[in-house]
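# Architecture at a glance
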Amino acid sequence: MSQQTHSVATPDGHVVTAREALELLYLHLEQEAEAKLVAAAMRAGWSAEEALSAIDDLKLEDMQAIARRKS
C-alpha cells in the first residue's frame, strides 16, 4: 500500500464545506478499496465481474441500511 499525503482544506476560511473538502479524498479511498476488494476476490478465484457485482450488492445494502436509520 502506497503512502500518499492528501491535503484537506481547513474550516478557517470557510471557502468550502466539509463535504467539499473531503470529497476527493473520499472518492480516492473508495476507488482504492474497490480495487483491493476486486484483487482479493480474483486471487481467491472469482472473476472481476463477480467481484464487482458483489461489491455493488454490498453498497446497495449499505445505502438501504443508512436509509432505514434515517427514517
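The structure presented is a predicted model; accordingly, all values stated were derived computationally and were not measured.

Moving on: the overall build of the protein chain. Helix and strand counts for the protein chain stand at 2 helices and 0 strands. A globule of 71 residues ought to have a C-alpha radius of gyration of about 11 Å, yet the protein chain, at 16 Å, is considerably larger. Taking the principal axes of its C-alpha atoms as reference, the protein chain extends roughly 50 × 40 × 15 Å. When burial is assessed residue by residue, the protein chain has 7% of its 71 residues classed as buried. Charge centroids of the protein chain, computed over 7 positive and 12 negative side chains, lie 6 Å from each other.

Moving on, we come to helix 1 (residues 18-43). Given a rise of 1.5 Å per residue, 26 residues ought to cover 38 Å, and the 37 Å separating the end C-alpha atoms of helix 1 matches this to within 8%. In helix 1, a bend of some 35° at Leu 24 exceeds every other bend along the element. Along its buried surface, helix 1 packs onto helix 2 (48-70). At the exit of helix 1 stands Gly 45, carrying a positive phi of roughly 105°.

Rules and cut-offs
- Residues numbered from 1 in each chain as written.
- Predicted model: local features only at pLDDT ≥ 70, side-chain atom pairs only at ≥ 80, totals over all residues.
- Heavy atoms only, no water.
- Helix = DSSP H or I, 4+ residues; strand = E, 2+ residues; numbered from the N terminus.
- Rg over C-alpha atoms; globule rule 2.2 N^0.38 Å.
- Buried < 20%, exposed > 50% of the residue type's maximum accessible area, 1.4 Å probe, protein only.
- Lys, Arg positive; Asp, Glu negative; His and termini not counted.
- Charge placed at Lys NZ, Arg CZ, Asp CG, Glu CD.
- Expected span 1.5 Å × (residues − 1).
- Bend = angle between axes of the 7 residues up to and from the residue.
- Contact = heavy atoms within 4.5 Å.

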